[in-house]
Amino acid sequence: MNRVRKIALEEHFMAPGFESYSEVFLKNIPANVRQELSSKLNDFDDLRLADMDQAGVEMVLLSQSGPGVQAEPDTAQAIRKARENNDFLAERIARNPSRYAGFATLPMQDPKAAAIELERAVKQLGFKGSMVNGHTLGVYYDDPAYDPFWEKMQELDVPMYLHPVNFHDVPHNMKGHPVLAGAVWGWGVETGTHALRLLFGGVFDRFPNLKLILGHMGEGLPFMRWRFDSRFAVYSQGINLQRQPSAYFGSNILITTSGVCSSPTLLGAIGEMGPEGVMFSIDYPYESTQLAVDFIEQAPMDERTRALICYDNAKRIFKL
Ligand code: MN
């Protein structure tokens, strides 16, 4: 079989000294599963490369497993640990530059420090963008204090992958329902809401060349895209946008297939985002590489579209 070439974008590792940040969700995972996850997260050699080879994945963009420094209450510590994390990753990538590329960890506690670290990671370490694990201690990045950060990110012309994280405050209707508040549903609500704050907060109007990537088939947003226009036209609450809400999808907001291996959902997402707005990803090691690869290789679409989603879009957007 002539396999489609693949690049995957939501593939995680664990840097030394970052385990405790992940405890918040790892504590709910059975010990044996946790051990296996840990082995895969810490590995940059045999396990990861064998998995990629088996699946026909040529290259992965690596990112620190969440929530990382987004959960660090001490700003100076977050700045220090982000630098350490990025230096660690750069050293691992240097061993295998044809298979690995990197997303920077950023200390979003301090917008100017985050901009400085992004510039260092891109210009000095060769990273392709950033992976930010949602809000920082309840602060969202539509806040005007982040405009200098967005300005720098636009200047550097690299995307941000906005990754799910736990709610800062669990919503009233999910209190006492940890299944709803977590990965099953709440992470998508949290992350999709953050992306909509950026959109309706005018961040993409102020910085029209920003690219924000959402995993998990766009955290559900593509399926509400038509309704965003329809209801915003009636209930704009005094907000003015330069474009229809739907127009920011496929231009400023791009999505990946990580952790959603359903063909009908994929076809719907391609319809809303356009074939250049969807990219393949796995979410290694939390999701099955084999499942993700079987799904994307067999999903009903023409081969030109499959090549865009699996390889060409990522190559173009990340300048690989
Ligand atoms: Mn992930």
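Scroll up for the structure.
Residues numbered from 1 in each chain as written. Predicted model: local features only at pLDDT ≥ 70, side-chain atom pairs only at ≥ 80, totals over all residues. Heavy atoms only, no water.

(A) A look at the packing of helix H3 (residues 46-55) against helix H13 (residues 289-298). Where H3 meets H13, the closest approach of the two axes is 10 Å, and the angle between their N-to-C directions is 25 degrees. The angle between H3 and H13 falls in the class roughly parallel. The way H3 lies across H13 gives a crossing that is right-handed. Contacts between H3 and H13 involve Asp51, Gln54 and Ala55 on the former and, on the latter, Thr289, Gln290, Val293 and Glu297. The residue makeup of the contact of H3 with H13, split by class, is two nonpolar, three polar and two charged. (Axes fitted to C-alpha atoms, helices over the stretch in contact; angles between N-to-C directions. Helix = DSSP H or I, 4+ residues; strand = E, 2+ residues; numbered from the N terminus. Parallel < 35°, antiparallel > 145°, perpendicular 65-115°, else oblique. Left-handed = near helix turned anticlockwise from the far one by under 90°. Contact = heavy atoms within 4.5 Å. Nonpolar A, V, L, I, M, F, W, Y, C, P; charged D, E, K, R; others polar.)

(B) Broad picture of the coordination of the manganese ion. Protein coordination at the manganese ion: the donors are Glu10 (OE), His12 (NE2), His163 (NE2) and Asp283 (OD), at 2.0 to 2.3 Å from the metal. Donor residues for the manganese ion sit on one chain with the sequence pattern E-x1-H-x150-H-x119-D. On the accessibility criterion, Glu10 (0% relative accessible area) is buried. With a relative accessible area of 1%, His12 lands in the buried category. (Donors = N, O, S within 2.8 Å, 3.2 Å for Na, K, Ca; no water. Buried < 20%, exposed > 50% of the residue type's maximum accessible area, 1.4 Å probe, protein only.)

(C) Up close: the nonpolar core. By size, the foremost hydrophobic cluster in this structure holds 76 residues, and its most contacted members are Val57, Met108, Phe149, Trp150, Met160, Leu266 and Phe280. Those residues in contact with Phe280 that lie beyond four places of it in its chain are Lys6, Ile7, Ala8, Leu9, Val57, Thr257, Ala292, Val293, Ile296, Ile309 and Cys310. Among the nonpolar cores identified, the runner-up in size contains 15 residues, and Ile7, Ala101, Ile213 and Met279 belong to it. (Core = buried A, V, L, I, M, F, W, Y, C linked by side-chain atoms within 4.5 Å.)

(D) The arrangement of unusual backbone geometry in detail. A cis geometry characterises the amide bond from Gly66 onward to Pro67, with omega recorded as -5 degrees. Relative to the elements of secondary structure, Pro67 occurs in the loop between strand S2 (57-64) and helix H4 (75-95). Between Tyr284 and Pro285 the backbone carries a cis peptide bond, its omega angle lying at 0 degrees. Mapped onto the fold, Pro285 is located in the loop between strand S8 (278-279) and H13. A positive phi angle is found at Met217, which is not glycine, with a value near 55 degrees. Overall, the relative accessible area of 2% leaves Met217 in the buried class. Despite not being glycine, Lys319 has its phi angle at roughly 50 degrees, a positive value. Positionally, Lys319 belongs in the segment after helix H14 (303-317).

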